[in-house]
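# Coordinate analysis (summary)
Here are the chains, one letter per residue:
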Amino acid sequence: MTETGRMRAVEASGLLADSIRASGLKVTGPRLAVLRVLDQAPHSTAERLYATVRAELPGTSLQAVYGVLAAFTGVGIARKIEPAGSPALFERRVGDNHHHIVCTRCSAVHDVDCAVGESPCLTPTNTSGFTVHTAEVTYWGLCPDCQTATLTALSTPAPLSNEGAR
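Cut-off values and rules
- Residues numbered from 1 in each chain as written.
- Predicted model: local features only at pLDDT ≥ 70, side-chain atom pairs only at ≥ 80, totals over all residues.
- Heavy atoms only, no water.
- Core = buried A, V, L, I, M, F, W, Y, C linked by side-chain atoms within 4.5 Å.
- Buried < 20%, exposed > 50% of the residue type's maximum accessible area, 1.4 Å probe, protein only.
- Helix = DSSP H or I, 4+ residues; strand = E, 2+ residues; numbered from the N terminus.
- Contact = heavy atoms within 4.5 Å.
- Axes fitted to C-alpha atoms, helices over the stretch in contact; angles between N-to-C directions.
- Parallel < 35°, antiparallel > 145°, perpendicular 65-115°, else oblique.
- Left-handed = near helix turned anticlockwise from the far one by under 90°.
- Nonpolar A, V, L, I, M, F, W, Y, C, P; charged D, E, K, R; others polar.
- Pairing = 2+ DSSP bridges.
- Polar contact = N/O pair within 3.5 Å; in protein donor to acceptor, adjacent residues only side chain to side chain.

Ile20, Val34, Leu38, Leu49, Val65, Leu69 and Phe72 are the most contacted members of the largest nonpolar core, which has 22 residues in total. Broken down by secondary-structure element, the contributors of at least two residues to this core are α1 (3-22), α2 (29-40), α3 (46-56) and α4 (62-75). Per element, the largest residue contribution to this core is six residues, and it comes from α2. Ignoring anything within four residues of it in the chain, the contact list for Leu49 reads Val34, Val37, Leu38, Ser44, Val65 and Leu69.

If you want it as structure tokens, here you go:
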């Protein structure tokens, strides 16, 4: 790594530490590592975060990563999303009530800005007395890569076979 690269990494680590401190949490190695990976790989599962953090901190356990994520979501520096049929995903983009679009084929997840208006974006016709703080919308569809793969598969003729012929 170049000197400039090292300086940027130290600066980024300082900003991450500041955000942990500002949330009222103690800065620890596992917390810094999880936050760094989460910044680089939003919409990650705890297991994916663990695999990456473990390379940096071999003594870290999956349970420790879950504990860090629980602390982060509890103080609002990370957000947990739970698309149907998927393990929980975590991201650093918080406070803007954005939504997500999920590929039904490869499970890729992308952020979608609020569709209309201000948070909570959607106003229910009947709140049953609740005060609404957030609205979660998940759009489902095919990502561009899966659309291309589907079109390619449809346009490729199946090989001829005599299997089953008499």
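Continuing now.
Here Ala22 lies in helix α1. By relative accessible area, Ala22 is classed as exposed at 68%. Each C-alpha atom, one on Ala22 and one on Val75, is 9.8 Å from the other, the two residues being 53 residues apart in sequence.

Helix-helix packing: each pair is described by the crossing angle between the helix axes and the interaxial distance. Where α2 meets α3, the closest approach of the two axes is 9 Å, and the angle between their N-to-C directions is 125 degrees. Here α3 runs oblique to α2, going by the angle between their axes. In the crossing of α2 with α3, the sense of the turn from one axis to the other is right-handed. Residues Ala33, Val34, Arg36, Val37 and Leu38 of α2 lie in contact with α3, whose contacting residues are Leu49, Thr52, Val53 and Glu56. A class-by-class count of the residues in the contact of α2 with α3 yields six nonpolar, one polar and two charged.

What follows deals with the sheet that holds strand β3 (residues 99-103). With mixed pairing, three strands are arranged side by side in an open sheet as β4-β3-β5. Here the strands that pair on one side only, and so sit at the sheet edges, are β4 (109-112) and β5 (138-141). Each strand axis lies, on average, 25 degrees off the axis of its neighbour in the sheet, ignoring direction. Across four bridges, the pairing between β3 and β4 is antiparallel. Counterpart to His99 in the pairing with β4 is Val112.

Our next topic: the side chain of Ser44. Tracing the backbone shows Ser44 in the loop between α2 and α3. At 2.5 Å, the side chain of Ser44 and the backbone oxygen of Ala41 are in polar contact. Residues contacting Ser44, with those up to four places away along its chain left out, are Leu49, Ala88, Leu89 and Phe90.

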